[in-house]
Amino acid sequence: MLNELTNEGLVEKKGQGKSEGGRKPDLYGLRDNSLFVLSIAMGRFRTRMAIFDNNHNNITGIQTFPVRISEGLKAVDELQAFAAKLIQDSGIDADKLMCVGVSMPGLVATKEGNNYTYMHTNTANESLQQLLARKFNKPVYIQNDVKSATLAELRFGLAHKRRDVLVLSLDWGIGLGIIMDGKLRSGTTGFAGEIGHIPLENDGALCYCGKRGCLETVASGIALANLAKEGIKSGQHSLLNELSDQEIDSIEPKLVIDAANRGDQYAINILSEVGMYLGKGISILIQLFNPELIILGGKMAEAKQYITTPIQQAINMYCMAQLREKTEIALSNLGQDASILGSVAVGMENIFKDQVNMN
């Protein structure tokens with residue numbers, strides 16, 4: 001079989017392994033460009049896509065398309081049309097495209113193949129995953145964006161070869177990915193990690209989930225933007241005062257972070273306030289999971305020391321010393337590519353698992 005795969009140009013010799021007493025074994029692996037995966041990272045306002053080969057080489061580069069995730073299925077045809085163009089322009093043999101990996105926000109039930117927050121199929125006869133597979137005419141695997149990013153950290157990032165790691169996505173909302181005993185843990189239905197909706201404040205602000213006082217109401221990108229708007233409108237002196245009224249209403253966390261990096265004291269103060277709440281939530285996670293490493297990713301992680309310093313202060317205040325001293329806090333080195341790299345891993349792992357189960 002190895003000779004056949006080599007003759008077909010799929011496999012090549014990669015060197016020799018260590019001797020266990022006899023002669024050194026020959027090592028083989030797949031050639032570059034033998035097989036391909038289409039990776040799609042859907043977001044609230046845009047969608048990013050790229051084609052990777054079997055050795056995780058990025059064939060097309062990451063491209064951005066104006067596809068917003070929707071409650072219904074409006075985005076499906078747009079997604080398929082842009083993906084078809086990307087595949088055609090890439091020049092790859094479409095028959096060698098093994099599968100499509102899709103990461104998306106929301107409550108994603110991976111085994112069932114549905115998203116309970118977005119892209120509802122409104123039918124029990126066909127899941128979202130099955131619908132996408134029919135549209136793409138390829139196997140499709142869907143995963144929550146934070147869990148996808150967590151898988152990327154496990155395969156390519158700071159969590160590689162680690163066993164007990166938590167990955168926090170700090171964006172408009174707050175998401176959690178859990179690695180225990182070296183494996184991604186998703187829970188019974190796939191919804192594990194909804195840290196953003198743990199109750200943190202009694203009689204706090206109303207969260208979009210319908211409850212009051214959720215962590216996201218005080219420690220997310222949404223909370224940061226709201227604090228900035230309230231402060232500017234009340235007369236706080238800040239670089240953000242340069243924005244017009246219309247721009248203030250649409251303020252984003254990135255603007256606050258940019259202002260902080262330029263030395264704006266008000267921006268630094270509200271980042272510190274949000275960071276303290278985050279640290280309080282993270283303290284709960286440390287006491288529950290006793291992780292060796294916590295990786296911070298997402299837009300708000302780009303604030304660097306302005307967010308990590310108050311987080312560490314809160315951990316020192318709220319967490320038992322015996323646990324916090326064994327936990328490292330680090331910023332992701334994958335940046336905004338985490339979800340799209342995770343979608344590659346989701347596709348690769350599932351397609352080979354399915355092939356093994358079929359055989």
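Per chain, residue numbering runs from 1 following the sequence as it is written. Given that this is a predicted model, residues contribute local features only at a pLDDT of at least 70 and side-chain atom pairs are listed and counted only at 80 or more, while totals for whole chains, interfaces and linings are drawn from all residues. Note that water and hydrogens are dropped before the side-chain values are worked out from all heavy atoms of the structure.

S.K.: Looking at this structure, how should I read the overall build of the chain?
M.R.: Think of it this way: any DSSP run of H or I at least four residues long counts as a helix, any run of E at least two long counts as a strand, and we number them from the N terminus. Each helix and strand in the chain was counted, giving 12 helices and 14 strands. Two things to know: the radius of gyration comes from C-alpha atoms, and the globule rule equals 2.2 Å times the number of residues to the power 0.38. The C-alpha atoms of the chain give 22 Å as radius of gyration, which agrees with the globular expectation for 359 residues (21 Å, within 12%). Expressed along its principal axes, the backbone C-alpha trace of the chain runs to roughly 75 × 55 × 40 Å. Exposed residues in this analysis have more than 50% of their type's maximum accessible area, buried residues have under 20%, and partly exposed residues fall in between, with area computed by a 1.4 Å probe over protein chains only. The buried share of the chain, reckoned over its 359 residues, is 46%. Note on areas: Shrake-Rupley, 1.4 Å probe, and residue coverage restricted to the protein chains presented here. A total of about 18,200 Å² of accessible surface is found on the chain, and carbon and sulfur atoms cover 48% of it.

S.K.: Before we go on, may I ask you to explain the pairing of strand E10 (residues 165-170) in this structure?
M.R.: Successive side chains on a regular strand alternate, one facing one side of the sheet and the next facing the other. Within E10, six of the six residues are buried, which leaves the element mostly enclosed by the surrounding structure. With burial as the criterion, each face of E10 is covered, one bearing Val165, Val167 and Ser169 and the other bearing Leu166, Leu168 and Leu170. Two strands are said to pair when DSSP picks up at least two bridges between them. Following E10, the chain reverses through three residues before pairing antiparallel with strand E11 (residues 174-180). As paired strands, E10 and strand E13 (residues 293-297) are joined by five bridges and run parallel to one another. Across the sheet, residue Leu166 finds its bridge partner in E13, namely Ile294.

S.K.: Please clarify how the environment of Gln130 should be interpreted in this entry.
M.R.: Take Gln130: it is sitting in helix H3 (residues 128-136). Residue Gln130 is classed as partly exposed on the basis of its relative accessible area of 45%. Within the structure, the side chain of Gln130 is placed 2.8 Å from the backbone nitrogen of Ser127, a separation counted as a polar contact. Each polar contact in these results corresponds to two N or O atoms within 3.5 Å; when the atoms are within protein, one needs to be able to donate a hydrogen and the other to accept it, and residues that are neighboring in sequence are counted only if both atoms are side-chain atoms.

S.K.: What should I look at first to understand the pattern of salt bridges in this one?
M.R.: Close approach of charged atoms allows side chains with opposite charge to pair. Note on definitions: salt bridges are taken to be side-chain nitrogens of Lys or Arg within 4 Å of carboxyl oxygens of Asp or Glu. Scanning the model with the defined rule gives 10 salt bridges in all. Of the charged contacts in the structure, one is a salt bridge between Arg48 and Asp337, with a shortest N-O distance of 3.3 Å. With Arg48 in strand E4 (residues 47-53) and Asp337 in the loop between strand E14 (328-331) and helix H12 (338-358), the pair connects residues that are 289 residues apart, well separated along the chain. Judged by relative accessible area, which is 14%, Arg48 ranks as buried. Taking the shortest distance from any N to any O, the salt bridge between Asp258 and Lys254 comes out at 3.0 Å. Highlighted residues: Asp258 and Lys254, both in helix H8 (residues 253-261), separated by four residues, approximately one helical turn. It is possible to trace a salt-bridge network through shared partners that takes in Arg162, Glu292 and Glu328.

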